[in-house]
Amino acid sequence: MSSLMNADLLAQGQRLKGMSQRGLSLIFALLALVAMTLGAVALVRSVDTGVLALGNVSQKQSTLVAASRGTEDAVAWLRARLQASPTGLDADIGGSGYYASAMPTLDATGKGAAAMGDQLVRVNWDNDDCKVDGVSYGHANCLTASDPVTYSGVVVRYVAHRLCVQPGAVGGANSCATPLTDGEALVRCTGGRASCPAGMPGPPAGPYYRVTVRAQGARGTVTFTETLINFN
């Protein structure tokens, strides 16, 4: 009788041990499933982030290309005015986004508006009276930009400034930023030497012009570029 009881107890112990082992296997299987799920979620998020980053880079590149075309449009417009008349750029032409003075307080991006308000000159890029983040800082220093042009879904506008103290003819009190003349370059390059290197600047040229372009694409992507132009 005792041997039968011992056999039953042994059999029950073996069954309990087997059930315990199967329970541990289930726990490990569940832990492995959770780890694999977390890994899959992390991989999906990583892929999504990579795709989003590539999309943003693509949008930024498209606005840069469009801004370049906007600069070319501005240069063509400036050149045409000068070819039509030597004094064609001596006065403001606000309706076309051109201004005959440098305006050193120009804040084309609007980043300084909150700190300095109406002390800065802003550009009416969105036809909203030069608001910055929905806030109006007055109309006195609000410039009109060129008409918008769209290139491959990117809206481009520009303002051009002649780098002079004020509108009007160049000379006298109205000094302008210009390339070096032969005499100025000679003084700077000699420095006590007997000769200067080849490739000296030619005759005095006209003033510099600064072209500021804003290109606005999808997803709120905005690119600003600034280019200095001189017509010899």
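Note that this is a predicted model, so its numbers are computed, not measured.

Cut-offs and rules
- Residues numbered from 1 in each chain as written.
- Predicted model: local features only at pLDDT ≥ 70, side-chain atom pairs only at ≥ 80, totals over all residues.
- Heavy atoms only, no water.
- Buried < 20%, exposed > 50% of the residue type's maximum accessible area, 1.4 Å probe, protein only.
- Helix = DSSP H or I, 4+ residues; strand = E, 2+ residues; numbered from the N terminus.
- Pairing = 2+ DSSP bridges.
- Disulfide = S-S within 2.5 Å.

**Re the pairing of strand 6 (residues 208–216)**
- For strand 6, a buried count of seven out of nine residues is recorded, marking the element as mostly surrounded by other parts of the structure.
- Looking at chain direction, strand 5 (residues 154–162) and strand 6 are connected through eight bridges and run antiparallel. In the sheet register, valine 155 faces strand 6, and the bridge partner there is glutamine 216.
- Pairing analysis gives nine bridges linking strand 6 to strand 7 (residues 222–230), with the strands arranged antiparallel. Of the residues in strand 7, the one forming a bridge with valine 213 is threonine 225.
- Remark: five residues form the turn of the hairpin made by strand 6 and strand 7, two consecutive strands paired antiparallel; arginine 219 in that turn has positive phi of roughly 60°.

**Here's the deal with unusual backbone geometry**
- A positive phi angle, near 50°, is found at methionine 103, a position not held by glycine.
- For methionine 103, the location among the structural elements is in the loop between strand 1 (98–99) and helix 2 (113–116).
- Take methionine 103: its relative accessible area is 17%, and that puts it in the buried class.
- Despite not being glycine, serine 152 has its phi angle at roughly 50°, a positive value.
- Looking at where serine 152 falls in the secondary structure, it is placed in the loop between strand 4 (149–151) and strand 5.

**Quick look at the state of the cysteines**
- Applying the stated criterion across every chain yields a total of two disulfides.
- The side chain of cysteine 164 participates in a disulfide bridge whose partner is cysteine 176; the two sulfur atoms lie 2.0 Å from each other. Across the S-S bond linking cysteine 164 and cysteine 176, the dihedral sits near 105°, which makes this disulfide right-handed. Placement of cysteine 164 in the loop between strand 5 and helix 3 (182–190) and of cysteine 176 in the loop between strand 5 and helix 3 is noted, with a sequence separation of 12 residues between them. As far as the burial class goes, cysteine 164 and cysteine 176 line up, both buried.

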